[in-house]
Amino acid sequence: MKKIVFDLLNNDGGQEKAIIAAKNFLETNLDYSLILVGDEKKITSLIPVNLHNRITIINSLEIVSKLESPRDALRSDSSMLKAFNALYEQNADGILSSGDSASYIILSSLKVKRINGISRPAFMPILPTTTAKNIVVLDVGANIDVKPEYLVEWANVASEFYKILFPCVEIPHVGQLNIGTEKYKGSEIAKEANKLLSSPTNKFIFKGFIEPNNVINGDVDIVVTDGYAGNIFLKTMESSFLGFAKLIKGIFLKNVFTKFSALFVKNDFKKLKSRFDYRNIGGAFIVGLDKIVVKAHGGSDEIAFFNALNQIKLGIENNIIEKICAKSLAIEGNKNE
């Protein structure tokens, strides 16, 4: 039976929605068990008795605080720390939390082993585009200061993820987010990374520098960048689509004629809204680690948490870590030849 550790605390809306998601996941996935870290009384009251044989409860009421240094992560007796301890102690296959991103990436780096050939783990969400395809972007906040080789490592790991998540793609196309597509634009680190990404020995097709419109239009499968630019892009994209949806709704509610016309596009508008709803993706992978680690949105509800658990399930059932470890070892071996 597969095991997933679920940190129920640290969510903006409290742990009840996380517990409901855990219940729904257990009811639809009979071959999975969950290690739930949170308020034992609330967990036992909201999880039906018939599911108790597939849950392990680690009682914790401490929410992680924002950390001043990596050492603080190991000193704070939080539910997040207890969840990471359980990941190896109970031989679990993956972990989920919606807690503070900085704390989560620090604990991920300290408590989870890195895959050979990976210098730094990176946040990698799956994002919708204006076409039918989904793309992945990394890094979106874990690493502000990067070295050129990090982007190559992330592109290689993301390529393996992408081929497993989207089997119809044999060789992913990678683009590097930049302030322009011309090779002379960007920071020195970006330009050096561009050269490394252009190497013919890479196992992906590199499309060079790209701009945000190329990302939104799905011109590539994988986007690599430093965590600073990636985080700004992600937040801008999320807020832009939410704002655009509000504008459209305002137009349709303007008067009786626009309300009537809205009836003809109501279903299409719902589909559009659903496509760009982060809850239907679930969370962001933290790639480069030898366990499946997923970070859920801080404002997640039971739908978002349920989909994040299914995201981990997808990785588990496709043996994604084993496949990437084998690939990464090959990359490391090539470096040493």
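Remember, it's a predicted structure, so these values are computed and weren't measured experimentally.

Draft legend 1. Representation of a nonpolar patch on the surface. Together, Phe260, Leu263, Phe264 and Val265 line one region of the surface with nonpolar side chains, adding up to about 440 Å² of accessible area. Within the secondary structure, phenylalanine 260 sits in helix 10 (residues 256–275).

Draft legend 2. A look at the pairing of strand 2 (residues 32–38). With seven of seven residues buried, strand 2 is to be regarded as a mostly interior element. Burial along strand 2 is two-sided: Tyr32, Leu34, Leu36 and Gly38 facing one way and Ser33, Ile35 and Val37 facing the other are all buried. Here six bridges tie strand 1 (residues 2–7) to strand 2, and the two strands are oriented parallel to one another. Counted as the bridge partner of lysine 3 is serine 33 from strand 2. In this region the chain leaves strand 1, passes through helix 1 (residues 16–28) and returns to the parallel neighbour strand 2; the handedness of that crossover is right-handed. Where strand 2 and strand 3 (residues 55–59) come together, five bridges link them in parallel fashion. The partner of valine 37 across the bridge, within strand 3, is isoleucine 58. With respect to chirality, the unit in which strand 2 leads through helix 2 (residues 40–46) into the neighbouring parallel strand 3 is right-handed.

Draft legend 3. Inspection of the sheet that holds strand 3 at higher detail. Pairing is mixed across the open sheet formed by eleven strands, whose spatial order is 3-2-1-4-11-10-5-6-9-7-8. Strand pairing shows two members of the sheet lacking a second neighbour, strand 3 and strand 8 (205–210), which therefore form its edges. Here the average twist between neighbouring strands, direction ignored, is 25°. As judged from the four bridges shared by strand 4 (residues 94–97) and strand 11 (residues 292–296), these two strands associate in the parallel manner. When the bridges of strand 11 are listed, isoleucine 95 appears paired with valine 293. Sheet contacts for helix 11 (residues 302–317): strand 1, strand 2, strand 4, strand 5 (122–128), strand 10 (283–287) and strand 11; angle to strand 11, the most-contacted strand, approximately 165°.

Here is what the cut-offs are and how they apply
Residues numbered from 1 in each chain as written. Predicted model: local features only at pLDDT ≥ 70, side-chain atom pairs only at ≥ 80, totals over all residues. Heavy atoms only, no water. Patch = residues over 30% accessible without salt bridge, like charges linked within 9 Å, V, L, I, M, F, W, Y side chains within 5 Å. Areas by Shrake-Rupley, 256 points an atom, 1.4 Å probe, with all protein chains shown as cover. Salt bridge = Lys/Arg side-chain N within 4 Å of Asp/Glu carboxyl O. Helix = DSSP H or I, 4+ residues; strand = E, 2+ residues; numbered from the N terminus. Buried < 20%, exposed > 50% of the residue type's maximum accessible area, 1.4 Å probe, protein only. Pairing = 2+ DSSP bridges. Right-handed = clockwise from strand over helix to strand, strands pointing away. Axes fitted to C-alpha atoms, helices over the stretch in contact; angles between N-to-C directions. Contact = heavy atoms within 4.5 Å.

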